[in-house]
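Coordinate inspection notes
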Amino acid sequence: HLFEFGTCPAFVMVGAVREVPVVRDGAIVVGRTLLLRFTYDERIDDGMTARDGLNTAVRVLTDPERWLGGLPDAPAEAPPLVSAR
C-alpha cells in the first residue's frame, strides 16, 4: 500500500524522451520512447474500472499525437536541474 491512511492512490515517474531502435512493420527504425513507472493502490478501485483506466492510458500513450496534440521535438540535451548562479 502506498499510504496506510493516505489519499494518494498512484505514483507515476516519467523519464526523458529518448531515441532508441524499435521494430515497426518488421524493420528496425529509430523511435522516440518514454519510460514510465507507476505504482497503484488497489484499495481505491475495482478490477473493471482499473482495467478501463489502464486500457485508456495505453491507448493515449501509444498514440500521443492523436490524444495529446503531439510532443515537442526533444532538446539536444536536458536543461540543468539547478541553475549555476
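Here, the structure is the one placed above.
Residues numbered from 1 in each chain as written. Predicted model: local features only at pLDDT ≥ 70, side-chain atom pairs only at ≥ 80, totals over all residues. Heavy atoms only, no water.

Residues V12, V14, V17, L34, L36, F38, Y40, I44, L54 and L61 make up a contiguous nonpolar surface patch of roughly 900 Å² in combined accessible area. Residue assignment for the nonpolar patch shows that the elements contributing at least two residues are β1 (10-24), β2 (27-40) and α1 (47-62). Looking at the nonpolar patch, the element that brings in the most residues is β2, giving four residues. Among the secondary structure elements, V12 is positioned in strand β1. (Patch = residues over 30% accessible without salt bridge, like charges linked within 9 Å, V, L, I, M, F, W, Y side chains within 5 Å. Areas by Shrake-Rupley, 256 points an atom, 1.4 Å probe, with all protein chains shown as cover. Salt bridge = Lys/Arg side-chain N within 4 Å of Asp/Glu carboxyl O. Helix = DSSP H or I, 4+ residues; strand = E, 2+ residues; numbered from the N terminus.)

All right, on to the packing of aromatic side chains then. The description of an aromatic ring pair rests on the distance of the ring centres and on the angle between the ring planes. Counted by the stated rule, this structure contains zero aromatic pairs. If you follow R59 out to its NZ or CZ, it ends over the ring of W67, 5.9 Å from the centre. (Phe/Tyr/Trp six-rings, centres within 6.5 Å; stacked < 30°, edge-to-face > 60°. Lys NZ or Arg CZ within 6 Å of the ring centre and 35° of its normal.)

Time to look at the pattern of salt bridges. Counting across every chain of the model gives one salt bridge. Residues R51 and D52 are paired through a salt bridge, measuring 3.0 Å at the closest nitrogen-oxygen approach.

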